[in-house]
Amino acid sequence: MRPVAISVDAPQVSENLRRKVGYKFTFLSDPNTEAIRRYDLLHKGAGENGRDVARPAEFLIDRSGTVRWANLTEDLRIRARSEQMLAAAR
Amino acid sequence: MKNWRLWAGFVLSIAAFISYFAFFYQFPITRDVPWVNFILFVVATVLLIAGVRRSQRKIWSGIVAFLGIAVFAFFVFAVTVATRRLPPSHGAPHVGQKAPDFTLLDSNGKSVTLTALLASSPRGVLLVFYRGYW
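One structure accompanies this document, and this report is about it.

Criteria and cut-off values
Residues numbered from 1 in each chain as written. Chains lettered and ligands numbered in written order. Predicted model: local features only at pLDDT ≥ 70, side-chain atom pairs only at ≥ 80, totals over all residues. Heavy atoms only, no water. Helix = DSSP H or I, 4+ residues; strand = E, 2+ residues; numbered from the N terminus. Rg over C-alpha atoms; globule rule 2.2 N^0.38 Å. Buried < 20%, exposed > 50% of the residue type's maximum accessible area, 1.4 Å probe, protein only. Contact = heavy atoms within 4.5 Å. Areas by Shrake-Rupley, 256 points an atom, 1.4 Å probe, with all protein chains shown as cover. Salt bridge = Lys/Arg side-chain N within 4 Å of Asp/Glu carboxyl O.

**Some remarks on the overall build of chain B**
Piece 1. A tally of regular secondary structure across chain B gives 5 helices and 3 strands.
Piece 2. Traced from its N-terminal end to its C-terminal end, chain B shows the element sequence α-α-α-α-β-β-α-β.
Piece 3. A globule of 134 residues ought to have a C-alpha radius of gyration of about 14 Å, yet chain B, at 24 Å, is considerably larger.
Piece 4. With the C-alpha coordinates of chain B rotated into their principal frame, the extents come out at 75 × 30 × 25 Å.
Piece 5. Looking at chain B residue by residue over its 134 residues, the buried ones come to 41%.
Piece 6. The long-range fraction of contacts in chain B, counting pairs at least 24 apart against all pairs at least 6 apart in sequence, stands at 55%.
Piece 7. Surface summary for chain B: the accessible area is close to 7,800 Å², and the carbon and sulfur share equals 71%.

Right, here's the structure in full:
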């Protein structure tokens, strides 16, 4: 299972974060919220300076492109735990 | 210090607030339900009330107690109402549905599609949408 993180951050911002924290996985940049809107995850005006951002969500997608597991939190503080995601990937 | 209860309660209330975001937020067990911070706030409130009761200067100590309890109230608001203000997301792909494809730039500025990611990941892809880093 390959983790892929998606946000509105510019590639350079994600690259800095990746280097700083040492994440090895892929970061994708969606500044125009194209993928975010396609997944119906737009949180209008919730970012810095009223910028549109993604609401947090996780999707496990199998090789055929089918969603196998999805988690849409009701609370920004509460995200999927790594054990939940690993269990879903099994 | 003459009225240590009042001041201990006030400091504890501030500490209970800050420690959630500075420390307890890191661990799911103390983040999802902030029980450690609630305990700290309850102790702080007991100390503040005891402080006011023992105080000779009720107005002054009452203000301190009010501020300490206001921090508690703000914390409750922050973790129950504020972080739950999320838009509905009925159109998000459900389990069993096809995940919509997309083309985005990776952190090196290279164009990447979901199809290509899946093709190179036999065990599938875990998409994690997040609010961004600032």
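**Some remarks on the pattern of salt bridges**
Piece 1. A complete count under the given rule lists 8 salt bridges over all chains for this structure.
Piece 2. Between D75 of chain A and R77 of chain A there is a salt bridge, and its shortest N-O distance comes to 3.3 Å. Of the two residues examined, D75 of chain A and R77 of chain A, each falls in the buried class.
Piece 3. For R31 of chain B, the salt bridge goes to D32 of chain B, with nearest N and O atoms at 3.0 Å. Neither R31 of chain B nor D32 of chain B differs from the other in exposure class; each is buried.
Piece 4. A cluster of three or more residues bridged by salt bridges with shared partners is formed by E15, R18 and R19 of chain A.

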